[in-house]
Amino acid sequence: MHHTKYIFVTGGVTSSLGKGIIAASLAKLLQGKGYSVTIQKLDPYLNVDPGTLNPYEHGECYVTDDGAETDLDLGHYERFLDTPTSQANNVTTGRIYQSVINKERKGEYLGKTVQIIPHITDEIKERIQILGKTGNYDIVITEIGGTIGDIESLPYVEAVRQLLWDLGRENAIVIHLTLLPYLPTSGELKTKPTQHSVKMLMQSGVSPDVLVCRTQYNIGDEIRNKLALFCNVEKQAIIESIDAETIYDVPGLMLEEGLDKVVLSKLHLPNNVVSDLSKWNEFLTKFKNPKHEINIALIGKYVELHDAYKSIVESTIHAGAANDVKVNIKWIHSEDLEVDQVPDILNDMHGVLVAPGFGNRGIEGKIKAVQYARENKIPFLGICLGMQMAVIEYSRNMLGFIDANSTEMDANTSHPVIDLMKSQKEVTDKGGTMRLGAWKCNLTPNSIVSKAYKKDSIEERHRHRYEFNNDYLAQLEKAGMKATGINPETNLVEIVEVENHPWFVGVQYHPEYKSTVLNPHPLFIDFIKASLEHYLVENEK
Ligand code: GLN
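Residues numbered from 1 in each chain as written. Predicted model: local features only at pLDDT ≥ 70, side-chain atom pairs only at ≥ 80, totals over all residues. Heavy atoms only, no water.

(A) Representation of the overall build of the protein within the structure. Scanning the protein from terminus to terminus reveals 19 helices and 23 strands. For the protein, the C-alpha atoms occupy an extent of roughly 75 × 65 × 45 Å along the three principal directions. Taking the contacts inside the protein whose residues are at least 6 apart along the sequence as the reference set, 73% of them involve residues at least 24 apart. Of the roughly 22,900 Å² of accessible surface on the protein, 49% is carried by carbon and sulfur atoms. Across the protein, 55 positive and 72 negative side-chain charges occur, with their mean positions spaced 3 Å apart. (Helix = DSSP H or I, 4+ residues; strand = E, 2+ residues; numbered from the N terminus. Contact = heavy atoms within 4.5 Å. Areas by Shrake-Rupley, 256 points an atom, 1.4 Å probe, with all protein chains shown as cover. Lys, Arg positive; Asp, Glu negative; His and termini not counted. Charge placed at Lys NZ, Arg CZ, Asp CG, Glu CD.)

In structure tokens, the structure reads:
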């Protein structure tokens, strides 16, 4: 029988310490030793999934192959591990309660009073173990969202306490991630907040096996001794996590600190080989030694919060390294383009990327950006809403349909070139009802995309309600905008390209969700390559 081991990652002192990156880095090291690992995130909020959250609140909504709308940390997990996640990898309190309440309504609790303990905690325990039972993983890492001490995370900590008993401490361990703040006035790193946070965790009956300490400066022996003494953790299980230049440095730093070694010994698992990070390090070397630098405009309406476009930014990093080029993202608010001079803003850009989005705000700015990139032959990538804006721009400026629009923005347009999908017409609920997850798409031979992918059929992930209106396909194609990717079952246009332009591609799907460190996305590689060529030509002038 396959025995899965469990690692729980909790956070203390403050939020935003990077539990996701620590979990992903540890998983990478364990994977490098030949273990099969997956990572799960438990989010303590009451939304059933983050799909209904404004990106300003919670950053990007990440979509899996099976169509789950999930937390952006799952993006890190996939990018680091190069293995897909699924609905089971992200569970919220909303989903837990929804499932318990549904069971109660079905009468499954047989007249019992339904309570947080044991019913909610049992549901949490089941969700944690599902991946171990069904996925055949050697190790499941479960990240508990929030900070120890939050009211909302109490049932999760209680479920972890119970599981540690059920499974035994050689099969399940806790890593607590905390912060050692630096006080410039006394020139010291302080351990007190960590001591308090561990104390709080222990009041819930959970003692950490490993402490990972975020810090600006190296922690010396004295601090390690102090933390070990006060926090009930062995000295070798105190791991320093110093501020890194990039998130991609963290696996290497954790290897140096021996996080993988401590974890394996606590889990009674063999530690026979050194983690193989050779491919990872090849990427890091390329990433850190670029031969050129290019500017890519990222045009969106949530640009104040860079996390809203997390996967796009990471995809440009992967593709940049693959092309030996450093990609400088220039964040451009689409509303600024509505009022300001577009050429002034976009003039020194080597590529233009119009981002996904919802609603009216800033769309005229996006359309102007598309027009500028098209007319000035700057490489252009439009993603989801960005692709829709490209279709609207072409219809307005090349077909003369001056009020062409998406019915999302203008229900009364006389030229609805983007329209609500048929399957969406009856939908009224907002949560989990978009066209989601992986769908097949056939590519036109010799198109930019078929050359980039080197394939004639692909599967990409989606998250949208509106689509290219096929009533306009013939006219648009005649005028030079070609549909080069089509869904074979529905005939839905997934990709458009523009003729007589070096690189102009709009995609209805989200390529950014599938780019990983070891497998940069082919479309991003090709877009960055085209942008680099544009830069080289400009530089020769
Ligand atoms: N708002 C558009 C739609 O629903 C685009 C969605 C997106 O960019 N993810 O079709």
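(B) Structural context of the sheet that holds strand β20 (residues 466-468). With mixed pairing, three strands are arranged side by side in an open sheet as β16-β17-β20. A single partner strand is all that each edge strand has here, and the edge strands are β16 (405-406) and β20. Bridge analysis of strand β17 (residues 416-420) against β20 gives three bridges, and the strand direction is antiparallel. Counted as the bridge partner of aspartate 419 is glutamate 467 from β20. Contacting β16, β17 and β20, helix α16 (residues 385-397) crosses the sheet at an angle of about 150° to β17. (Pairing = 2+ DSSP bridges. Axes fitted to C-alpha atoms, helices over the stretch in contact; angles between N-to-C directions.)

(C) Spatial organisation of the packing of aromatic side chains. Applying the stated rule across the entire model yields 15 aromatic pairs. For the pair tyrosine 248 and phenylalanine 287, a centre-to-centre distance of 6.2 Å together with 90° between the ring planes defines the contact as edge-to-face. With a gap of 39 residues between them, tyrosine 248 in the loop between β11 (238-242) and α9 (250-257) and phenylalanine 287 in helix α11 (residues 278-288) connect regions that are remote in the sequence. Considering the side-chain rings of tryptophan 280 and phenylalanine 283, the 6.5 Å spacing of their centres and the 65° angle between planes classify their relative orientation as edge-to-face. Of the two residues, tryptophan 280 and phenylalanine 283 are both situated in helix α11; the distance of three residues between them amounts to about one turn of the helix. (Phe/Tyr/Trp six-rings, centres within 6.5 Å; stacked < 30°, edge-to-face > 60°.)

(D) Looking closely at a negative patch on the surface. Among the surface-exposed residues, Glu304, Asp336, Asp340 and Asp344 lie close enough to one another that they form a single negatively charged patch. Mapped onto the secondary structure, aspartate 336 falls in helix α13 (residues 334-339). (Patch = residues over 30% accessible without salt bridge, like charges linked within 9 Å, V, L, I, M, F, W, Y side chains within 5 Å. Salt bridge = Lys/Arg side-chain N within 4 Å of Asp/Glu carboxyl O.)

(E) Here's a closer look at the packing of helix α5 (residues 116-135) against helix α6 (residues 154-167). Taken N-terminus to C-terminus, the directions of α5 and α6 make an angle of 70°; their axes are 9 Å apart at the nearest point. Here α5 lies roughly perpendicular to α6, going by the angle between them. Crossing of α5 against α6: the hand is right-handed. Contacts between α5 and α6 involve Ile116, Ile117, Ile120, Thr121, Asp122, Ile124, Lys125, Ile128 and Gln129 from the former and Pro155, Tyr156, Glu158, Ala159, Gln162, Leu163, Asp166 and Leu167 from the latter. Considering only residue class, the contact of α5 with α6 consists of ten nonpolar, three polar and four charged. (Parallel < 35°, antiparallel > 145°, perpendicular 65-115°, else oblique. Left-handed = near helix turned anticlockwise from the far one by under 90°. Nonpolar A, V, L, I, M, F, W, Y, C, P; charged D, E, K, R; others polar.)

(F) Seen up close, the site of the ligand. Near the ligand you find Pro356, Gly357, Phe358, Cys384, Leu385, Gln388, Glu408, Arg463, His464, Arg465, Tyr466 and His510, and these make up its full shell. With respect to the pocket detection grid, the ligand is positioned in the second largest pocket. Those elements that provide at least two residues to the shell around the ligand are α16 and β19 (457-464). Tallied by class, the residues present in the shell around the ligand amount to five nonpolar, four polar and three charged. (Near = heavy atom within 4 Å. 1 Å grid on protein atoms, 1.4 Å probe; cavity = no way out; pocket = protein on both sides within 12 Å on 5 of 7 lines; lining within 4 Å. Sits in = over half its atoms within 2 Å of the grid points.)

(G) The arrangement of the state of the cysteines in detail. On inspection of all chains with the given rule, the structure shows zero disulfides. We note that cysteine 61 lacks a disulfide partner, and the nearest cysteine sulfur, in cysteine 384, lies 12 Å from it. Judged by its relative accessible area of 11%, cysteine 61 is buried. Not engaged in a disulfide, the cysteine cysteine 213 finds its nearest cysteine sulfur in cysteine 231; these two sulfurs lie 7.7 Å apart. (Disulfide = S-S within 2.5 Å. Buried < 20%, exposed > 50% of the residue type's maximum accessible area, 1.4 Å probe, protein only.)

Nothing here speaks to function; it is all geometry.
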